[in-house]
Amino acid sequence: MKPLGTVKPTSHVAVVGDLFPVEQLELERLRGKVVVIKFGGHAMVSQELKQSFARDVVTLRRAGLLPVVVHGGGPQISAMLERLDLAVHFEAGLRVTTPEVMDVVRMVLTGRVQRELVGLINAHGPFAVGMSGEDAHTMTAVRRAAWVNGEPVDIGLVGEVVDVNAETVRALLEQDRVPVISPVARGTGGEVYNINADLAAAAMAVALDAEKLVMLTDVEGLYANWPHSTEVIRRATAEEIEKLLPELASGMLPKMEGCLRAVRAGVRSAHILDGRVPNSALRGIVSGDAPGTTVIPDQEARVG
Ligand SMILES: Nc1ncnc2c1ncn2[C@@H]1O[C@H](COP(=O)(O)OP(=O)(O)O)[C@@H](O)[C@H]1O
Ligand SMILES: CC(=O)N[C@@H](CCC(=O)OP(=O)(O)O)C(=O)O
């Protein structure tokens, strides 16, 4: 198989010229490397932000990086469930997913959110190809519980990714495409599972041996002692995040678990970025000192 690093960079777009020299250097360093970008549903708050995200992805691709998008859509699923008079219920940040809810999850994620992002990216050229984790056995999952106060709670058709077949994604990258992946997975018996998008992005980053995993959300980063304070933890090791996990609530729990798993499994760094800020994906990826929260492997902290 052709190494992914041989994909030729195409021409830069204007915004690359606006980067600081140190950012240009980082962009150069990341050429041919995979960056997995998780675009959270809470960061998709306006058309301008979605368009800015799409432009960033195309800029990265044109600069020779290999961006892979894993999208969320939690608020969009909840809005549709409410319209359909179906219950919206989470346990430890994971949606309780009945078979009826699963139909809505699949419909909203793959049929709507993914289609919209693909359309926005492709306004710049034929880059994006949408796919679901179900396609070509890309993500295989087993049913999982949520852990609440140390006890397992049944949350229905929610899966844990146990295998990623990244060949289809790699083939798309080799063709200069940008894969846009919905967090839905297939079970070994053909059943369909709802996967938290942060954990799906982390599994994809590990399988693709990504250089960076970035997660765009609706806060500046991981707050210490939230909700009492909004002081952002700027940098933490995997070990430090592991200690914090039991204190974390709602959507931040799977996000930090995803960052932890990714850096423990070889991804060089994981970042929580404020997706409400235009160009946050591009700036966060090329900045030497990314805004938000950066999670690094334990050994890196010992070295540096
Ligand atoms: N320690 C924390 N720091 C920051 N946000 C937190 C923290 N704990 C919980 N949260 C919540 O997590 C939310 C982000 O997760 P989530 O709602 O799942 O967003 P997304 O759709 O981007 O995945 C924040 O809006 C905030 O309400
Ligand atoms: C199991 C589980 O909770 N799945 C999520 C999938 C979407 C998601 O994670 O979207 P965000 O990243 O926007 O939160 C859900 O149903 O909301």
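None of the values given here were measured: they were computed from a predicted structure. One numbering rule holds for all chains: residues counted from 1, following each sequence as written. Just so you know, chain letters begin at A and ligand numbers begin at 1, following the order they were written in. Local features in this predicted model are restricted to residues of pLDDT 70 or higher, and side-chain atom pairs are both shown and tallied only at a pLDDT of 80 or more, whereas totals for entire chains, interfaces and linings draw on every residue. To obtain the side-chain values, all non-hydrogen atoms of the structure were included, while hydrogens and water were left out.

Draft legend 1. Geometry of the pairing of strand E7 (residues 151–164). At least two DSSP bridges between two strands are needed for those strands to be called paired. A run of H or I in DSSP becomes a helix once it reaches four residues, and a run of E becomes a strand once it reaches two; helices and strands are each numbered from the N terminus. Two elements, strand E6 (residues 139–148) and E7, share nine bridges in a ladder whose sense is antiparallel. Its bridge partner lying in E7, Thr-140 is registered against Asp-163.

Draft legend 2. Fine view of helix H7 (residues 197–207). For H7, the tally of buried residues reaches nine of 11 residues, placing the bulk of the element in the interior. In the analysis that follows, any N or O atom pair within 3.5 Å is treated as a polar contact, provided that within protein one partner can donate a hydrogen and the other can accept it, and provided that, for residues neighboring in sequence, both atoms belong to side chains. One side-chain oxygen at the N-terminal end of H7 lies 2.9 Å from the backbone nitrogen of Asp-198; it belongs to Asn-196. Two residues or fewer past H7, Asp-209 is found with a positive phi of approximately 50 degrees. Burial here depends on accessible area, computed with a 1.4 Å probe over protein chains only, as a share of the maximum for the residue type. Under 20% is buried, over 50% is exposed, and the range in between is partly exposed.

Draft legend 3. How the structure looks around the site of ligand 2. In these notes, residues near a molecule or strand are those with any non-hydrogen atom within 4 Å of it. As a structural note, the neighbourhood of ligand 2 is formed by 16 residues, with Lys-38, Gly-41, Arg-95, Asn-194 and Ala-197 the closest of them. One of the backbone N or O atoms of Gly-41 is found 2.7 Å from an oxygen atom in ligand 2. One of the side-chain N or O atoms of Arg-95 is found 2.7 Å from an oxygen atom in ligand 2. Contributions of two or more residues to the shell around ligand 2 are made by helix H4 (74–83) and strand E4 (94–95).

Draft legend 4. Just helix H5 (residues 99–122), in detail. What a helix is expected to span follows from its residue count: subtract one and scale by 1.5 Å. Its 24 residues give H5 an end-to-end C-alpha distance of 33 Å, which sits within 8% of 34 Å, the value for a rise of 1.5 Å per residue. At any given residue, the bend is defined as the angle formed between two axes, one fitted to the seven residues that end at that position and one fitted to the seven that begin there. Of all the bends in H5, the greatest, near 30 degrees, is centred on Gln-114.

Draft legend 5. Representation of the UniProt feature "site: Transition state stabilizer" (unreviewed entry) in the chain in the model. UniProt positions are given in the numbering used here, feature names are shortened, and annotations may be inferred rather than shown by experiment. Those places that UniProt annotates as "site: Transition state stabilizer" (unreviewed entry) correspond, in this numbering, to Lys-38 and Lys-255. Their sequence span is 218 residues, while the largest C-alpha to C-alpha distance among them is just 9.9 Å; these annotated residues converge on one region. Its place among the elements puts Lys-38 in strand E1 (residues 34–39). Any pair of residues with heavy atoms lying within 4.5 Å of one another is described as a contacting pair. Lys-38 has contacts with Val-70, Gly-72, Ala-197, Asp-198, Ala-201, Val-214, Met-215, Leu-216 and Lys-255, leaving out every residue within four places of it along the chain. In terms of polar contacts, Lys-38 uses its side chain to reach the side chain of Asp-198, at 2.8 Å. By the element assignment, Lys-255 lies in helix H9 (residues 252–264). Excluding anything up to four places from it in sequence, Lys-255 contacts Lys-38, Asp-198, Met-215, Thr-217 and Ile-272.

Draft legend 6. Focus on the sheet that holds strand E8 (residues 178–182). Strand order in the open sheet formed by eight strands is E5-E8-E2-E1-E11-E15-E16-E14, with mixed pairing between adjacent strands. Every other strand in the sheet has two partners, leaving strand E5 (128–132) and strand E14 (235–237) as the edge strands with one partner each. Shown here is a sheet whose adjacent strand axes are inclined to one another by a mean of 20 degrees, direction ignored. Pairing of strand E2 (residues 66–71) with E8, which is carried by two bridges, proceeds in the parallel orientation. The partner of Val-70 across the bridge, within E8, is Ile-181. Between N-to-C directions, angles span 0 to 180 degrees; the directions come from axes that are lines fitted to C-alpha atoms, helices contributing only their stretch in contact.

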